[in-house]
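Topology and contacts: notes
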Amino acid sequence: MKTFTLAFFLVVFALGINHPSVSQQKTILINNVEIFNGKDANTIKGNVLIEGNTIKKISSSPIPTNKSANVQIIDGKGKFLMPGLIDAHYHAMFSNLSQIALLTGNIGFVNLVAGKNAEALLMKGFTSIRDLGGPVFGLKQAIDAGVVSGPRIWPSGAFISQTGGHGDFRLPNDVPSDASNGLSYAERINAAAIADSPDAVRLKAREQLMLGASQIKLMAGGGVSSIYDPLDVTQYTEAEIRAAVEAADNWGTYVTVHAYTPRAIQQAIRAGVKCIDHGQLIDEETVKMMVDNNVYWSLQPFIDEGDKGVLSPESRAKQLEMYQGTDLAFELAKKYKMKIAYGTDVLFDAQKAAQPGVQLLKMKRWFSNVEILQMATGNNGELLALSGKRSPYTGKLGVIEEGALADILLIDGNLIQNLELINEPEKNILMVMKDGKIYKNTIN
């Protein structure tokens, strides 16, 4: 009896984690739309046929369909059709609540808050996120199973951090560490994984891959919100980072790192990482190194918005120091024609999390509307594809093209001409489709 019970549990667990439920979708024909395909600056007028979860046909001519009950025809009325937006640096579990609430509150409450935010994020046009740290596997499972609505999630799982690094959430009285005391709360809920030595880093990376990580996230340098580490410090050794890179590479995926400074970034590149997140304090030599090694750059629009009282005085000082490098970082990225991955990295700020359009509009400081849209769709889709077979979803995203997954928005107005429309999603986003399923439709 025990054997049967265990076997049944394992089957249910495996199905829930690895095989999201897929309902049979209708054939959907969207006629008469202006199509931004996620790559080209110019739009086209046309019609889009969706079968199941895939874009079957795009044509400027009428697309014949079988007008049966299984076919839904939508008159697009000349509206703006585009790929679903993608946030390449998100923290679904950490965006809405304060840090103290996350580290002391009930994880069930945290999950419910995150689920509500995920649904709101989808309704605001974000159909995919790359989650770069946090206990997000349960939320992802619930979204994939249709228990709650939300974007697709590419999970990293726990932040992997050295002692005293950007992902070390322990209190000072937890040091010196003592294995007999067990793991800290952040470690127990899989928010963080403290690892010192190549072997320990390798183990923690493998654990996250075991749980379903699509990429591994390491803390390679100092951070703003963390307690112990000055912004300039370099975290981990090259050998430690390489251990995670080898573990990820063996699973056909990659490592991305949190890093701001040239030293931290260069060490990570030498160790074989494929993506740098942040990099606001970078120099030109390091940008050239990124270009030479085909490293992706996930660069956030961090600019001063005033002191909101969320951070300690020490963290606020680090934040202001980091902000000073943002303009140069974007200038260097443009100079070397790097493809920038757009992401927000919203942490512990419910107001900011509720306004993803505001974050997108910050990019206008450096880029045109169409360049911003290309980053948040086609460019980000290419970054998601870097996970290879560890991608949780099969198919191409970030583009409107035949064979791509049907993650589609219909907008009341041309975002290339007026990106500010994204700031009123309730009014201006007329349709949200993810995986061929319509979650919102106010055009009919």
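These lines cover the structure that appears in this document, whether it is placed above or below. (Residues numbered from 1 in each chain as written. Predicted model: local features only at pLDDT ≥ 70, side-chain atom pairs only at ≥ 80, totals over all residues. Heavy atoms only, no water.)

A word on the overall build of the protein chain
In terms of helices and strands, the protein chain carries 15 helices and 18 strands. For 444 residues, the compact-globule formula gives about 22 Å, and the C-alpha radius of gyration of the protein chain, at 22 Å, lands near that figure. Dimensions along the principal axes, computed over C-alpha positions, put the protein chain at roughly 70 × 65 × 40 Å. Counting every position in the protein chain, which comprises 444 residues, the buried fraction comes to 55%. Summarising the internal contacts of the protein chain: among those between residues at least 6 apart in sequence, 70% fall at separations of at least 24. Looking at charge distribution, the protein chain has the averaged site of its 43 positive side-chain charges lying 7 Å from that of its 45 negative ones. (Helix = DSSP H or I, 4+ residues; strand = E, 2+ residues; numbered from the N terminus. Rg over C-alpha atoms; globule rule 2.2 N^0.38 Å. Buried < 20%, exposed > 50% of the residue type's maximum accessible area, 1.4 Å probe, protein only. Contact = heavy atoms within 4.5 Å. Lys, Arg positive; Asp, Glu negative; His and termini not counted. Charge placed at Lys NZ, Arg CZ, Asp CG, Glu CD.)

Here we look at the packing of aromatic side chains
Counted under the stated rule, the structure contains seven aromatic pairs. With a centroid separation of 6.3 Å and an interplanar angle of 10 degrees, the aromatic rings of Phe-36 and Phe-80 are classed as stacked. Of this pair, Phe-36 sits in the loop between strand E1 (27-35) and strand E2 (44-51) while Phe-80 sits in strand E5 (residues 80-83), and the two are 44 residues apart along the sequence. For Phe-36, a relative accessible area of 0% corresponds to the buried category. With a centroid separation of 5.7 Å and an interplanar angle of 20 degrees, the aromatic rings of Phe-94 and Phe-159 are classed as stacked. (Phe/Tyr/Trp six-rings, centres within 6.5 Å; stacked < 30°, edge-to-face > 60°.)

Let's talk about helix H11 (residues 326-335)
Residues of H11 that are buried: Thr-326, Ala-329, Phe-330, Leu-332 and Ala-333. For H11, the buried positions fall inside an angular range of 160 degrees around the axis, keeping them on one side. Positive phi appears at Lys-337, one or two residues downstream of H11, with a value of about 50 degrees. (Arc of directions from axis to C-beta.)

Describing the sheet that holds strand E8 (residues 152-155)
Pairing in this open sheet of three strands is parallel, and the strands run E6-E7-E8 from one edge to the other. One side of each edge strand has no neighbouring strand; the edge strands of this open sheet are strand E6 (85-90) and E8. For this sheet the average axis-to-axis angle between neighbouring strands, irrespective of direction, equals 15 degrees. With four bridges connecting them, E6 and strand E7 (residues 126-131) associate as parallel partners. In the strand pairing of E7, Ile-86 is matched with Ser-128. (Pairing = 2+ DSSP bridges. Axes fitted to C-alpha atoms, helices over the stretch in contact; angles between N-to-C directions.)

Points about the nonpolar core
By size, the foremost hydrophobic cluster in this structure holds 94 residues, and its most contacted members are Leu-218 and Trp-297. Broken down by element, this core gets its largest block of residues, six residues, from helix H3 (residues 107-123). Ignoring anything within four residues of it in the chain, the contact list for Leu-218 reads Ile-160, Val-201, Tyr-236, Ile-241, Ala-244, Val-255, Thr-256, Val-257 and His-258. (Core = buried A, V, L, I, M, F, W, Y, C linked by side-chain atoms within 4.5 Å.)

Things to note about the packing of helix H6 (residues 198-211) against helix H7 (residues 238-250)
In contact at an axis separation of 8 Å, H6 and H7 are set at 30 degrees when each is read in the N-to-C sense. What the angle tells us is that H6 and H7 run roughly parallel. The handedness of the crossing between H6 and H7 comes out as right-handed. Residues Pro-198, Val-201, Arg-202, Ala-205, Arg-206 and Leu-209 of H6 pack against Ala-239, Glu-240, Ala-243, Ala-244, Glu-246, Ala-247 and Ala-248 of H7. Across the contact of H6 with H7, the residue classes break down as nine nonpolar, no polar and four charged. (Parallel < 35°, antiparallel > 145°, perpendicular 65-115°, else oblique. Left-handed = near helix turned anticlockwise from the far one by under 90°. Nonpolar A, V, L, I, M, F, W, Y, C, P; charged D, E, K, R; others polar.)

What about the pattern of salt bridges?
Throughout the structure, instances matching the rule amount to 22 salt bridges. For Lys-79, the salt bridge goes to Asp-412, with nearest N and O atoms at 2.7 Å. Linking Lys-79 in the loop between strand E4 (71-75) and E5 with Asp-412 in the loop between strand E16 (408-411) and helix H15 (425-428), this pair joins segments that are 333 residues apart in sequence. In this structure, a network of salt bridges that share partners links the residues Lys-39, Lys-396 and Glu-401. (Salt bridge = Lys/Arg side-chain N within 4 Å of Asp/Glu carboxyl O.)

Focus: unusual backbone geometry
The omega angle of the peptide bond from Val-175 to Pro-176 is 5 degrees, so this bond is cis rather than trans. Structurally, Pro-176 is set in the loop between strand E9 (159-161) and helix H5 (185-188). Positioned with a positive phi, Asn-32 is a non-glycine residue whose angle comes to about 60 degrees. Here Asn-32 lies in strand E1. Under the relative-accessibility criterion, Asn-32 is labelled partly exposed at 41%. Despite not being glycine, Tyr-236 has its phi angle at roughly 70 degrees, a positive value. Topologically, Tyr-236 is positioned in the loop between strand E11 (216-219) and H7. Judged by its relative accessible area of 4%, Tyr-236 falls in the buried class.

Geometric descriptors of this kind do not, in isolation, establish any biological role.
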